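These are the residues of each chain, in order.
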Amino acid sequence: MHVFHFRGLSSVLVFLLAILGIVLVFLALPASFMMVLWNALVFEGVKGPEINLYQGFLLWGIVLVILKMVFKPEIQLEFVKPNASKAGKSAKDATAKSLDSPVAAPLETQADESQASSPEPKSPKH
């Protein structure tokens, strides 16, 4: 772990200037580039909407997220293709299983338990 010692106000100001420079180089410069690129291509080329610097920051953030997902994915999606002969059969099986699913069972047992817990039997009215 690194320990930084600040001696006086001038070293704090230099540190804050360094942080500001890093933010400008890695965030504001690409965001302004994205804004200018969008406005040149979409606004002037296709007569689309014009964006400001804040929206350029958002666009740069979207680009960073997409680059992260492409080059260093942490979530992997796998797509499985069903067989053509099993596709119709699996749809019928899915509907049959949904009718017999255990999710509906607690609703029935709750109704049965509420009737069983009442001590007085229900008699038909005359």
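Refer to the structure above for everything that follows.
The structure displayed is predicted, hence computed values, not measured ones.

With that settled, the discussion passes to the packing of helix α1 (residues 9-43) against helix α2 (residues 53-71). Taken N-terminus to C-terminus, the directions of α1 and α2 make an angle of 105°; their axes are 7 Å apart at the nearest point. The angle between the axes of α1 and α2 places the two elements in the roughly perpendicular class. Contacts between α1 and α2 pair F26, L27, A28, P30, A31, S32, M34, M35 and W38 from the former with L53, G56, F57, L59, W60 and V63 from the latter. For the contact of α1 with α2, the per-class residue count stands at 13 nonpolar, 2 polar and no charged.

Residue placement: S32 occurs in helix α1. Looking at S32, the relative accessible area reads 24%, which means it is partly exposed. Sequence spacing of S32 and Q55 is 23 residues, and the spatial spacing of their C-alpha atoms is 9.5 Å. Engagement of the side chain of S32 in a polar contact is seen with the backbone oxygen of L29, the distance being 2.8 Å.

Our focus in this paragraph is α2. Look at α2: 27 Å from first C-alpha to last across 19 residues, which is about the 27 Å you get at 1.5 Å a residue. Between the side-chain oxygen at the start of α2 and the backbone nitrogen of Y54 there is a gap of 3.4 Å, and the oxygen is on N52.

Procedures and definitions
- Residues numbered from 1 in each chain as written.
- Predicted model: local features only at pLDDT ≥ 70, side-chain atom pairs only at ≥ 80, totals over all residues.
- Heavy atoms only, no water.
- Axes fitted to C-alpha atoms, helices over the stretch in contact; angles between N-to-C directions.
- Helix = DSSP H or I, 4+ residues; strand = E, 2+ residues; numbered from the N terminus.
- Parallel < 35°, antiparallel > 145°, perpendicular 65-115°, else oblique.
- Contact = heavy atoms within 4.5 Å.
- Nonpolar A, V, L, I, M, F, W, Y, C, P; charged D, E, K, R; others polar.
- Buried < 20%, exposed > 50% of the residue type's maximum accessible area, 1.4 Å probe, protein only.
- Polar contact = N/O pair within 3.5 Å; in protein donor to acceptor, adjacent residues only side chain to side chain.
- Expected span 1.5 Å × (residues − 1).

By themselves these figures say nothing about function.
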